[in-house]
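Summary of structural features
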Amino acid sequence: MATISLCMIVKNEGAVLQRCLESAKPIADEIVVIDTGSTDRTKEIARLFTSKVYDFSWQDDFSAARNESFSKAEMEYCLWLDADDVIPECYRDQWIKLKQSLGQDENSCVDVVMSPYHIAFDPTDGKPMFSYYRERLLRRNAGFRWIGRVHEAIVPSGKIVYTDAAVEHRKEKPHDSERNLRIYRKQLAEGAVLEPRQQFYYARELLDHGEYQLAQEEFIRFLGEEKGWKENQLEACRRLAVCLYAQGKEKEALAALLWGLSYDTPRAELCCDLGKHFLERENWERAAYWYQQALNAKRDDTSGAFILEDCYGYLPCIQLCVCYDRLGNQKKAEEYNERAGKYKPDSTAYQYNKTYFERIKEQVG
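Residues numbered from 1 in each chain as written. Predicted model: local features only at pLDDT ≥ 70, side-chain atom pairs only at ≥ 80, totals over all residues. Heavy atoms only, no water.

1. Some details on the overall build of the protein
Assigned secondary structure in the protein consists of 14 helices and 10 strands. Relative to the 2.2 N^0.38 estimate, which gives 21 Å for 365 residues, the radius of gyration of the protein is 23 Å and therefore close to what a compact globule would have. Projected onto the principal axes, the alpha-carbon positions of the protein cover approximately 75 × 45 × 45 Å. Out of the 365 residues in the protein, the part that is buried amounts to 50%. Computed over 51 positive and 60 negative side-chain charges, the inter-centroid distance for the protein is 1 Å. (Helix = DSSP H or I, 4+ residues; strand = E, 2+ residues; numbered from the N terminus. Rg over C-alpha atoms; globule rule 2.2 N^0.38 Å. Buried < 20%, exposed > 50% of the residue type's maximum accessible area, 1.4 Å probe, protein only. Lys, Arg positive; Asp, Glu negative; His and termini not counted. Charge placed at Lys NZ, Arg CZ, Asp CG, Glu CD.)

2. A closer look at the environment of I220
With respect to the helices, strands and loops of the structure, I220 is situated in helix 7 (residues 212-225). Separated by 20 residues in the primary sequence, I220 and F200 place their C-alpha atoms 9.9 Å from one another.

3. Brief notes about the pattern of salt bridges
One pass over the structure, following the stated rule, counts 32 salt bridges. With a closest N to O distance of 2.9 Å, K99 and D29 form a salt bridge. Placement of the pair is K99 in helix 4 (residues 89-101) and D29 in the loop between helix 1 (17-24) and strand 2 (30-35), with a sequence separation of 70 residues. In this structure, E280 and K276 form a salt bridge, with 3.9 Å as the shortest nitrogen-oxygen distance. Here E280 pairs with K276, and both are found in helix 10 (residues 268-280), just 4 residues apart, close to one helical turn. A network of salt bridges, in which partner residues are shared, links K230, E231, D264 and R267. (Salt bridge = Lys/Arg side-chain N within 4 Å of Asp/Glu carboxyl O.)

4. Details of the side chain of N67
On the secondary structure map, N67 appears in helix 3 (residues 62-71). Residues contacting N67, with those up to four places away along its chain left out, are R145 and W146. (Contact = heavy atoms within 4.5 Å.)

5. Some thoughts on the packing of aromatic side chains
With the rule as written, the count across this model stands at 16 aromatic pairs. Aromatic side chains W80 and W146 sit 5.4 Å apart centroid to centroid with 90 degrees between the ring planes, which places their arrangement in the edge-to-face category. Of the two residues, W80 is situated in strand 4 (residues 77-80) and W146 in the loop between strand 7 (128-139) and strand 8 (160-162); the sequence distance between them amounts to 66 residues. W146 sits in the buried class, given a relative accessible area of 3%. Where Y289 meets W290, the ring centres are 5.1 Å apart and the plane angle is 85 degrees; that geometry is what we call edge-to-face. Taken together, the ring pairs connect F70, W80, Y117, F130, Y132, W146 and F306 into an aromatic cluster. Above the ring of Y117, the side-chain terminus of R136 is found at 4.6 Å from the ring centroid. We note K344 situated over the ring of Y314; from NZ or CZ to the ring centre the distance is 5.0 Å. (Phe/Tyr/Trp six-rings, centres within 6.5 Å; stacked < 30°, edge-to-face > 60°. Lys NZ or Arg CZ within 6 Å of the ring centre and 35° of its normal.)

6. Quick look at the layout of surface pockets
Taken as a whole, the second largest pocket spans an internal volume of roughly 350 Å³. In terms of lining residues, the second largest pocket is bounded by 23 residues, among which K127, P128, M129, R299 and E309 are the most central. Counting only elements with at least two residues in the lining of the second largest pocket, the list comes to strand 6 (112-121) and strand 7. Considering each element in turn, the lining of the second largest pocket owes the most residues, 5 residues, to strand 7. Residue classes in the lining of the second largest pocket are distributed as 11 nonpolar, 3 polar and 9 charged. (1 Å grid on protein atoms, 1.4 Å probe; cavity = no way out; pocket = protein on both sides within 12 Å on 5 of 7 lines; lining within 4 Å. Points joined across faces, edges and corners; volume = space filled by probe spheres on them. Nonpolar A, V, L, I, M, F, W, Y, C, P; charged D, E, K, R; others polar.)

7. Notes on the nonpolar core
The biggest cluster of nonpolar side chains holds 100 residues, and the ones touching the most others in it are L6, W95, L137 and F219. If near-sequence neighbours (up to four positions away) are discounted, L137 is found in contact with I4, Y77, C78, L79, W95, L98, L102, D111, V112 and V113. Grouped together as the second largest cluster of nonpolar side chains are 12 residues, C7, F70, W80 and V112 included. (Core = buried A, V, L, I, M, F, W, Y, C linked by side-chain atoms within 4.5 Å.)

8. Notes on the packing of helix 9 (residues 250-259) against helix 10
Where helix 9 contacts helix 10, the two axes come as close as 10 Å, and the packing angle between them is 155 degrees. The orientation of helix 9 relative to helix 10 falls into the category roughly antiparallel. Relative to helix 10, helix 9 is oriented so that their crossing is left-handed. Across the interface between the two elements, E250, L254, L257 and L258 from helix 9 touch L270, D273, L274, H277 and F278 from helix 10. Looking at the contact of helix 9 with helix 10 residue by residue, the class counts come to 6 nonpolar, 1 polar and 2 charged. (Axes fitted to C-alpha atoms, helices over the stretch in contact; angles between N-to-C directions. Parallel < 35°, antiparallel > 145°, perpendicular 65-115°, else oblique. Left-handed = near helix turned anticlockwise from the far one by under 90°.)

9. So, the state of the cysteines
Taken as a whole, this structure holds 0 disulfides when the rule is applied. The cysteine C90 is free of any disulfide, with C20 supplying the nearest cysteine sulfur at 15 Å. Not part of a disulfide, C109 finds its nearest cysteine sulfur in C78, a span of 13 Å. Given a relative accessible area of 28%, C109 falls into the partly exposed group. (Disulfide = S-S within 2.5 Å.)

10. With respect to the side chain of R136
Here R136 lies in strand 7. Despite its burial, R136 pairs with no opposite charge, the nearest such side chain being D85 at 4.1 Å. Within the structure, R136 has its side chain in polar contact with the backbone oxygen of W80 (distance 2.7 Å). Those residues in contact with R136 that sit more than four places away from it in its chain are C78, L79, W80, L81, D85, W95, V113, S115, Y117 and V167. (Polar contact = N/O pair within 3.5 Å; in protein donor to acceptor, adjacent residues only side chain to side chain.)

11. Points about unusual backbone geometry
The phi angle at H151 is positive, at roughly 50 degrees, despite the residue not being glycine. Residue placement: H151 occurs in the loop between strand 7 and strand 8. For H151, a relative accessible area of 23% corresponds to the partly exposed category. Here the phi dihedral of E226 falls at roughly 55 degrees; this positive angle occurs in a residue that is not glycine. Along the polypeptide, E226 turns up in the loop between helix 7 and helix 8 (230-246). On the basis of relative accessible area, E226 is assigned to the exposed category, the value being 63%.

Encoded structure:
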């Protein structure tokens, strides 16, 4: 059985830290907590679980802090979590089985374990709505280093395996919404040249702050340099379209979405965006075409892409219901509504449509 060091960086996380550590305690053989300046009970709570609690001067650099946490680890593997993450009880046995299987064969030593990261959840049934794979467990002696002052990451290499054992991000309070953009702007003011992944995330931060023109310019620069990771390029096209829609540039927004088709077979998320473009302009046939493409799109969670769960079933079906209703094909519209209901039986839209079709039948009968 492999041994695991849980490595964390924290600041003023007294409200959630115990929840995180309790969830990880059955898996971790060692817990390392790097505190970057807490003024609440964070360190006191951490010391209930471990003696390895260290102070680290915050440098506007998440990678520096995470690398510090890894440097204090002594077990075979490093597991990283944020304080508002949890390892859900429903996945805990999978994590324990994974730990038992690692390193059994010296010649097939695993370097990286990629795990699903569930970020957002459906308020009706609690199921994940937005997720992607992250490099979650890393062999300590493989020499991995975090890179990027914000939106930090480790580039996976060596023997990589994927697990279904997930981590959930259960945020309880808003973070400093200005922090990431502030750090990026400080880097640029210092003359730093952002590598492609950081360039992509800088553009995203500009978009999130409503700086649409600047975000547009950064996404176009990122795409034009053609050095980014394919999944980021596909996502950049979708987010570039958001910038353009916000500025009233509808034709350019559609062109941005179509640009995404040049990178790979379209993902369901992109197809749904194209469907939405035509749906909102009451071009029902074209909208139906793209929502049908979304239904046919192959889902690959292990690609590392951001996965929007609803795009792989529910959303195309509920929108195809709308399209065919507007086209006068009530039978097909009802069929798609029933399909949508199989994905989300408690959906308000599905229930409304169901009542709508029942009333039509009563009137005809």
